[in-house]
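Read off the chains here:
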Amino acid sequence: MARSRYRAASSPDPMQATTTSSSVPALPRWPGRLASAEVLQRIGHVASGAILPALLFALWATAVQRQWLPEQILPPPSLVWQSLTELWASGELQGHLAISASRVAWSLLIGGSAGLLLGFAMGLSRTLRAYVFPTFDVVSQFPVLGWIPLLIIFAGIDEALKISAVSIAVVVPVAVNTLKGIANIPHTLLEVAKVYRFSLPQVVHRVVLPAAAPSLFNGLRQAVMQAWLTLVFVELLASSEGIGYLMVWGRQLAQLDLVVVGMLLIGAVGVVLDLLLRWAEVSLQTWRRAAF
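All of the points below concern the structure found in this document. Note that the structure is predicted; figures quoted are calculated from it, not measured. (Residues numbered from 1 in each chain as written. Predicted model: local features only at pLDDT ≥ 70, side-chain atom pairs only at ≥ 80, totals over all residues. Heavy atoms only, no water.)

### A closer look at the packing of aromatic side chains
For step 1, the next point in the chain: All chains considered together, the criterion is met by two aromatic pairs.
For step 2, the next point in the chain: Between F57 and W60, the aromatic rings sit 6.0 Å apart at their centres with planes inclined by 85 degrees, giving edge-to-face as the arrangement. Of this pair, F57 and W60 both sit in helix 4 (residues 51-65), three residues apart, which is roughly one turn of the helix.
For step 3, the next point in the chain: A relative accessible area of 47% means that F57 is categorised as partly exposed.
For step 4, the next point in the chain: Between the aromatic rings of F142 and W147, the centroid separation amounts to 6.2 Å while the plane-to-plane angle is 55 degrees, which identifies the pairing as tilted.
For step 5, the next point in the chain: Taking relative accessible area as the criterion, F142 reaches 46% and is therefore assigned partly exposed. (Phe/Tyr/Trp six-rings, centres within 6.5 Å; stacked < 30°, edge-to-face > 60°. Helix = DSSP H or I, 4+ residues; strand = E, 2+ residues; numbered from the N terminus. Buried < 20%, exposed > 50% of the residue type's maximum accessible area, 1.4 Å probe, protein only.)

Right, here's the structure in full:
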């Protein structure tokens, strides 16, 4: 009897064991593991994105080594790197880059301001949109190249031509995305603003800007890319300074290594500008959520 009582007391109850095991909480996922997994995922994305440039570079080096094309047409990577370091050490490359950057900055200031004002005006006023948007839609279809002859007549071939052409390229994406951002604002938010009797500056500050922020940043990113590419194109046509002029000068001297240096610099600057704009957009996400 004593042994049977001891066995009965010591043997676990199946139902009790099941209940106990099910009530045990799951182990928490440590923040360190999540951070390391995120870092590994980002490294994987970067590595996958670097495969194609690495293959292109290997193809370039192989073509030069086996002389598939003459050196005058396809310069070797070593010569391009040498030209890049020499231009950087002499300060000539920084000078051309600073001039191009100043032109882009002025064009973004002028064209971006005009695009914002036009987009806000058409977005907030249906009457103005009905009168202005059809003409703006037609004019925005003209490429920047089509404006060059007319701009040469009125602005000449100096700095005014470059800034005017790039400003025209900036106005269109900024105005269109501003108009889309305002048009996609839910009507309930505007009704709430009317209930609280917001003034027009309050509506713009508390409702329009937070709600249209993603579209505004999208327009800004497109404007920066359009400004940079259009500027290089205009500098290729008529300029004595800037990255585009450096490429034209290299082509005229049959030094294609300078052309490749200009191409690499244009791509690097474009990537840096896009990353900066993405960082600015992400840093303002907290402000956009707080507005609601």
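After that view, the rundown keeps rolling.
### Brief notes about helix 11 (residues 200-237)
For step 1, the next point in the chain: With 38 residues, helix 11 extends just 44 Å between its outermost C-alpha atoms, more than 12% less than the 56 Å of an ideal straight helix rising 1.5 Å per residue.
For step 2, the next point in the chain: Maximum bend of helix 11: about 65 degrees, positioned at A213, with proline P214 one to four residues after it. (Expected span 1.5 Å × (residues − 1). Bend = angle between axes of the 7 residues up to and from the residue.)

### Observations regarding the packing of helix 5 (residues 77-90) against helix 13 (residues 256-283)
Geometry of a packed helix pair, given as the angle between the helix axes and the separation of the axes.
For step 1, the next point in the chain: Where helix 5 meets helix 13, the axes come as close as 9 Å, and the angle between the chain directions of the two elements is 75 degrees. On the basis of the axis angle, helix 5 is roughly perpendicular to helix 13. On helix 13, the residues that touch L79, V80, S83, L84 and L87 of helix 5 are D257, L258, V260, V261 and L264. (Axes fitted to C-alpha atoms, helices over the stretch in contact; angles between N-to-C directions. Parallel < 35°, antiparallel > 145°, perpendicular 65-115°, else oblique. Contact = heavy atoms within 4.5 Å.)

### Section: the nonpolar core
Side chains that are nonpolar tend, in soluble globular proteins, to be buried together.
For step 1, the next point in the chain: Core analysis: the largest hydrophobic core is formed by 22 residues, its most contacted members being L87, L93, V170, W228 and I266.
For step 2, the next point in the chain: If you list the elements that add at least two residues to this core, you get helix 5, helix 6 (92-124), helix 9 (159-183), helix 11, helix 12 (243-252) and helix 13.
For step 3, the next point in the chain: At seven residues, the largest contribution of residues to this core is made by helix 13.
For step 4, the next point in the chain: Beyond its immediate chain neighbours, meaning those up to four positions away, V170 contacts S107, L108, G111, G112, A223 and A227. (Core = buried A, V, L, I, M, F, W, Y, C linked by side-chain atoms within 4.5 Å.)

### So, the pattern of salt bridges
For step 1, the next point in the chain: According to the stated counting rule, one finds four salt bridges in the structure shown.
For step 2, the next point in the chain: In this structure, the salt-bridge partner of E159 is R103, at a minimum N-O distance of 2.6 Å. In this pair, E159 sits in helix 9 while R103 sits in helix 6, placing the two residues 56 residues apart along the sequence.
For step 3, the next point in the chain: Taking the relative accessible area as the measure of exposure, E159 reaches 35% and is therefore partly exposed.
For step 4, the next point in the chain: Notably, a salt bridge pairs R103 with E235, separated by 2.7 Å at the nearest N-O pair. Taken as a pair, R103 in helix 6 and E235 in helix 11 lie far apart in primary sequence, 132 residues in all. With respect to burial, R103 and E235 carry one shared label: buried. (Salt bridge = Lys/Arg side-chain N within 4 Å of Asp/Glu carboxyl O.)

### Some words on the packing of helix 7 (residues 126-139) against helix 9
For step 1, the next point in the chain: Across the interface, helix 7 lies against helix 9 with an axial gap of 13 Å and an inter-helix angle of 140 degrees. As summarised for this structure, helix 7 and helix 9 are arranged oblique, according to the angle between their axes. Here the hand of the crossing between helix 7 and helix 9 comes out left-handed. Each of R129, F133 and F136 in helix 7 lies in contact with helix 9, whose residues at this interface are V171, V172, A175, V176 and L179. (Left-handed = near helix turned anticlockwise from the far one by under 90°.)

### Digging into unusual backbone geometry
With the exception of glycine, most residues fall at negative phi, and the peptide bonds are largely trans.
For step 1, the next point in the chain: One non-glycine residue with positive phi stands out, namely Q67, at about 60 degrees.
For step 2, the next point in the chain: By secondary structure assignment, the location of Q67 is in the loop between helix 4 and helix 5.
For step 3, the next point in the chain: Since its relative accessible area comes to 66%, Q67 is described here as exposed.

### Focus: the side chain of D257
For step 1, the next point in the chain: The residue D257 is located in helix 13 in this model.
For step 2, the next point in the chain: Of the side chains with opposite charge, R251 comes closest to the buried, unpaired D257, at an N-O distance of 13 Å.
For step 3, the next point in the chain: Excluding its chain neighbours within four sequence positions, the residues that come into contact with D257 are P75, L79, V80 and S83. (Lys, Arg positive; Asp, Glu negative; His and termini not counted.)

The quantities given are spatial measurements derived from coordinates; they are silent on function.
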